[in-house]
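Each chain, written out:
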Amino acid sequence: MPRITASRKQLKPDPRFGSILASKFVNCLMDDGKKSVALGVFYDALDLIKKRIPDKEPIEVFTQAVENVKPAIEVRSKRVGGAAYQVPMQVNRTRQQSLAIRWLLMAIREKKGRPTAQKLADELVAAYNREGTAITRRENVHRMADANKAFAHFAW
C-alpha cells in the first residue's frame, strides 16, 4: 500500500516547535490517518530525548539526526546494451530528506517489543551520534556507490 504524504506546498509547521521537517516526519510516521496519535508518539520521543541529552534542544537533536542519515550519493540501475549497471549518482535535497525519514522509520518499525516513542527516541539519539540502524543503511548505500565508481561515466 503506497503511502501518500502531504505535499510541501500545503505542509504546515508542527504546533510545538514550528518545524516543517518535524511536520513532514509526523505525516510519514502516521498510520491510518491518525495524526494526533503520531504527534503524541513524536512528542513523547522528543521528551525522552530531552531527558537523555539535557543540554541540547530535542528538536535540534532530531534535525541533526535526520541530517546525519541523509545520503549524499546512491546507486541507480541503468541498462546499457543489455546489461544493467549500478550507476552511482548524486541525490537531490528532497530525495535525501525523504530517504532519511524513510530509513529512520524503517529502523524503528523493525525493532519489536517496546513502545514506538521509545524506539524512535533511541534511533534518533543513535543517528545523532552517527550510529544505529539508519546510519548503517546510509553507510551501505555509500559503500555500494563507492564500489560501483567504475560505472560513473554511465550517469545520465
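Computed from a predicted structure; not experimentally measured.

The rules we used
- Each chain has its residues counted from 1, running along the sequence as written.
- Per-residue local features are limited, in this predicted model, to residues with pLDDT of at least 70; the limit for side-chain atom pairs, both in listing and counting, is 80 or more; totals at the level of whole chains, interfaces and linings are taken over all residues.
- In computing side-chain values, all of the structure's heavy atoms are included and hydrogens and water are not.
- Each helix corresponds to a stretch of at least 4 residues labelled H or I by DSSP, and each strand to a stretch of at least 2 residues labelled E; elements are numbered beginning at the N terminus.
- Helix span, as expected, comes to 1.5 Å for every residue beyond the first.
- The buried label goes to any residue with under 20% of its type's maximum accessible area, the exposed label to any with over 50%, and the partly exposed label to all in between, with areas taken from a 1.4 Å probe on protein chains only.
- In what follows, residue pairs with any heavy atoms lying within 4.5 Å of each other are defined as contacts.
- Any two strands with at least two DSSP bridges between them are considered paired.
- What the arc measures is the spread of directions leading from the helix axis to the C-beta atoms.
- Here, the term nonpolar core denotes a set of buried Ala, Val, Leu, Ile, Met, Phe, Trp, Tyr and Cys residues that are joined through side-chain atoms within 4.5 Å.

### Some details on helix H4 (residues 93-110)
The terminal C-alpha atoms of H4, which comprises 18 residues, lie 26 Å apart, in line with the 26 Å expected from a rise of 1.5 Å per residue. Among all positions of H4, only Gln96, Leu99, Ala100, Ile101, Trp103, Leu104, Leu105, Ala107 and Ile108 are buried. Elements in contact with the buried residues of H4: helix H1 (20-29), helix H3 (58-69), strand S1 (73-80), helix H5 (116-128) and helix H6 (133-147).

### What about the pairing of strand S2 (residues 83-90)?
The pairing of S1 with S2 spans eight bridges and is classified as antiparallel. By the bridge assignment for S2, serine 77 is matched with glutamine 86. Here S1 folds back onto S2, and the loop between the two strands holds two residues, one of which, glycine 81, carries a positive phi near 55 degrees.

### Remarks on H6
In this model, H6 (15 residues) spans 21 Å end to end at C-alpha, consistent with the 21 Å of a helix rising 1.5 Å per residue. Burial in H6 covers these residues: Ala134, Ile135, Arg138, Val141, His142 and Ala145. For H6, the angular spread of the buried residues around the axis is 120 degrees, confining them to a single face. Exposed residues on H6 whose side chains face more than 90 degrees from its buried face are Arg143 and Ala147.

### Focus: the side chain of lysine 70
Tracing the backbone shows lysine 70 in the loop between H3 and S1. Assessed through its relative accessible area of 16%, lysine 70 is described here as buried. Sequence-distant contacts of lysine 70, defined by excluding residues within four places in its chain, comprise Gln96, Gln97, Ala100 and Arg138.

### Some points on unusual backbone geometry
Phi at aspartate 32 takes a positive value of approximately 60 degrees, unusual for a residue other than glycine. By secondary structure assignment, the location of aspartate 32 is in the loop between H1 and helix H2 (35-52). Residue classification places aspartate 32 among the exposed positions, given a relative accessible area of 70%. With phi around 60 degrees, arginine 130 is a residue other than glycine that occupies positive phi space. Within the element layout of this structure, arginine 130 appears in the loop between H5 and H6.

### As for the nonpolar core
Note on soluble globular proteins: their nonpolar side chains tend to be buried together. Core analysis: the biggest nonpolar cluster contains 38 residues, and Phe25, Leu29, Phe42, Phe62, Val69, Leu104 and Leu120 have the highest contact counts within it. Of all elements in the fold, only H1, H2, H3, H4, H5 and H6 reach the threshold of two or more residues within this core. When residues in this core are grouped by element, the largest group, eight residues, is from H2. Apart from the residues lying within four places of it in its own chain, the contact partners of leucine 104 are Phe25, Val66, Val69, Glu123, Leu124, Ala127 and Ala134.

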